[in-house]
Amino acid sequence: NMKNIILPNELKKIKNITYQDFQFCIFAKYIQKDNSYSNFVNLQNHLLVFVRKGYKILHTASKNYQINPYELLFLKSGTYTFSNIGFKDSFYEAYLFFFDNSFLIELIYKYKDLLNFKNICNIQEVFWIKNDDVLNEILESFSPYFEKNIQIFAPIIKLKFEEFFLYLILNQNTSFINFLNKIFSEFQVDLSKLFKYYDSNFLSIREMADFAKLDITFFSKEFKKNFGTSPKKWLDEKRLEKARILLEFSKKNINEIANECAFSSVSWFIDRFKRKYNQTPKQYQKLKNLYFLSKN
């Protein structure tokens, strides 16, 4: 029974799986108890597989990989064949972590001074880790967050992903850097330009396209492919994050902040902020800002 499964879109169709969908990633716990079978899996996002019990075999065009307990496999988006699940204690169990280019770009930007993509060779199709006790501890520590109502722990989970990423970089894991380079080698927009989007305060998508020296239509298409979101939505998110920081740490009023963050109107700013943070800018300011708290 060879099936074609599109992940993560079709996670809900898979039996014995629990998962959480966050803004930056989707992660799932998968348990299989029935006989082994093969699946064609089309990965829309990149995938980290951490096997806890049993084993899984992955087939690629050039090689087969058997992932045993407490080993992990990092796959870039694409199509793969999984087969021959082996059981331990009568079942197979794995954690699955799905994330897109935008999350990787954010982490690489944050730690760009620790990375060196120069003189990279032997770019690998997958990234496979065996017998690393520290990584196993990091990944095992996700276990409590498969319980109910874990959306409130999203910032912690994001930090734990960052811990995993930073550990590999600080250990100068060449295979991991090679693997990242393979992902970014496919970009149409130069990585240094992508970093500039974080450093610059663009007022419009037109400014961003002009900076990239691309037609605005082509730029929008490439930006969405690289960041996983439209440039307009990305720009709005960046403005909201800047506004949140100003609300928390400055003495400026709502009108001044809306103007500084280039929102078209105060009412638009209030509406967008409330939708994202579930409270108005004024409510957030009164709760978080030490200057305003001292007035009460």
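For the structure, check the block above.
Residues numbered from 1 in each chain as written. Predicted model: local features only at pLDDT ≥ 70, side-chain atom pairs only at ≥ 80, totals over all residues. Heavy atoms only, no water.

Let's hear about the sheet that holds strand β5 (residues 46–53): which residues, and what values?
On the basis of which strands lie adjacent, the open sheet formed by six strands has the order β2-β3-β10-β5-β8-β11 and antiparallel pairing. The open sheet has two edge strands with one neighbour each: β2 (17–21) and β11 (126–129). Averaged over all neighbouring strand pairs, the angle between strand axes comes to 15 degrees, with direction disregarded. Bridge count for β5 against strand β10 (residues 92–99) is seven bridges, and the pairing is antiparallel. Among the inter-strand pairings, L47 is bridged to a residue of β10, identified as F98. (Pairing = 2+ DSSP bridges. Helix = DSSP H or I, 4+ residues; strand = E, 2+ residues; numbered from the N terminus. Axes fitted to C-alpha atoms, helices over the stretch in contact; angles between N-to-C directions.)

Go over a nonpolar patch on the surface, please, and point to the residues and values.
A cluster of nonpolar side chains, I152, F153 and I156, forms an exposed patch at the surface whose accessible area comes to about 280 Å². For F153, the location among the structural elements is in the loop between α2 (133–140) and α3 (154–170). Judged by its relative accessible area of 31%, F153 falls in the partly exposed class. (Patch = residues over 30% accessible without salt bridge, like charges linked within 9 Å, V, L, I, M, F, W, Y side chains within 5 Å. Areas by Shrake-Rupley, 256 points an atom, 1.4 Å probe, with all protein chains shown as cover. Salt bridge = Lys/Arg side-chain N within 4 Å of Asp/Glu carboxyl O. Buried < 20%, exposed > 50% of the residue type's maximum accessible area, 1.4 Å probe, protein only.)

I'd love a proper account of the pairing of strand β7 (residues 64–67), names of residues and values included.
Of the two faces of β7, only the one carrying Y65 and I67 is buried; N64 and Q66 on the other face are not. Relative to β7, strand β6 (residues 55–59) runs antiparallel, the two sharing four bridges. Each bridged residue has a counterpart across the sheet, and for L58 the counterpart in β7 is Y65. In this antiparallel pair of consecutive strands, β6 and β7, the connection spans four residues.

Please give an account of the packing of aromatic side chains that cites residues and values.
Going through the model one piece at a time under the given rule, you end up with 27 aromatic pairs. An angle of 50 degrees between the planes, with centres 5.5 Å apart, marks the rings of F219 and F223 as tilted. Linking F219 with F223, this pair stays in helix α7 (residues 216–227), spanning four residues, or about one helical turn. The pair F219 / F223 is uniform in exposure class, with both members buried. Seen in terms of ring centroids, Y277 and Y284 are 6.2 Å apart; in terms of plane orientation they differ by 45 degrees. Their pairing is tilted. For the residue pair Y277 and Y284, the accessibility class agrees, reading buried in each case. Against the face of W128 rests K130, its NZ or CZ located 4.1 Å from the ring centre. (Phe/Tyr/Trp six-rings, centres within 6.5 Å; stacked < 30°, edge-to-face > 60°. Lys NZ or Arg CZ within 6 Å of the ring centre and 35° of its normal.)

For the environment of S83, give the residues involved together with the corresponding values.
Topologically, S83 is positioned in strand β9 (residues 78–86). For the pair formed by S83 and Y55, sequence separation is 28 residues and the distance between their alpha carbons is 10.0 Å.

An account of the environment of W128 is needed here, citing residue identities and associated values.
With respect to the secondary-structure elements, W128 resides in strand β11. Its relative accessible area of 25% is what places W128 among the partly exposed residues. With residues up to four places along the chain from it excluded, the contact list for W128 reads Y65, Q66, I67, E71, L72 and L73. For W128, the side chain forms a polar contact with the side chain of E71, separated by 3.4 Å. (Contact = heavy atoms within 4.5 Å. Polar contact = N/O pair within 3.5 Å; in protein donor to acceptor, adjacent residues only side chain to side chain.)

Could you give an account of the nonpolar core, with specific residues and numbers?
In terms of nonpolar packing, the biggest core is built from 51 residues, with F27, F97, I157 and F165 touching the most fellow members. Element by element, the count of residues in this core is highest for α3, at eight residues. Excluding residues that lie within four positions of it along the chain, F97 makes contacts with I26, F27, H46, L47, L48, L139, F142 and F161. Core analysis: the second largest hydrophobic core is formed by 25 residues, I17, L43, V51 and L75 among them. (Core = buried A, V, L, I, M, F, W, Y, C linked by side-chain atoms within 4.5 Å.)

Can you explain the pairing of strand β4 (residues 39–43)? Please cite residues and give values.
Here β4 shows a buried face lined by N39, V41 and L43 and an unburied face lined by F40 and N42. The pairing of strand β1 (residues 3–7) with β4 spans five bridges and is parallel. Across the sheet, residue L7 finds its bridge partner in β4, namely L43.

Give me the lowdown on the pattern of salt bridges, citing residues and values where you can.
According to the stated counting rule, one finds 12 salt bridges in the structure shown. Across the pair D236 and R239 runs a salt bridge whose closest N-O atoms are separated by 3.4 Å. One end of the pair, D236, and the other, R239, are both in helix α8 (residues 231–249), three residues apart, so they sit about a helical turn from each other. Judged on exposure class, the residue D236 and its partner R239 are both buried. For D271, the salt bridge identified is with R275, shortest N-O distance 2.9 Å. Linking D271 with R275, this pair stays in helix α10 (residues 266–277), spanning four residues, or about one helical turn. Taking relative accessible area as the criterion, D271 reaches 35% and is therefore assigned partly exposed. One connected set of salt bridges, linked through shared partners, spans R52, E93 and E140.

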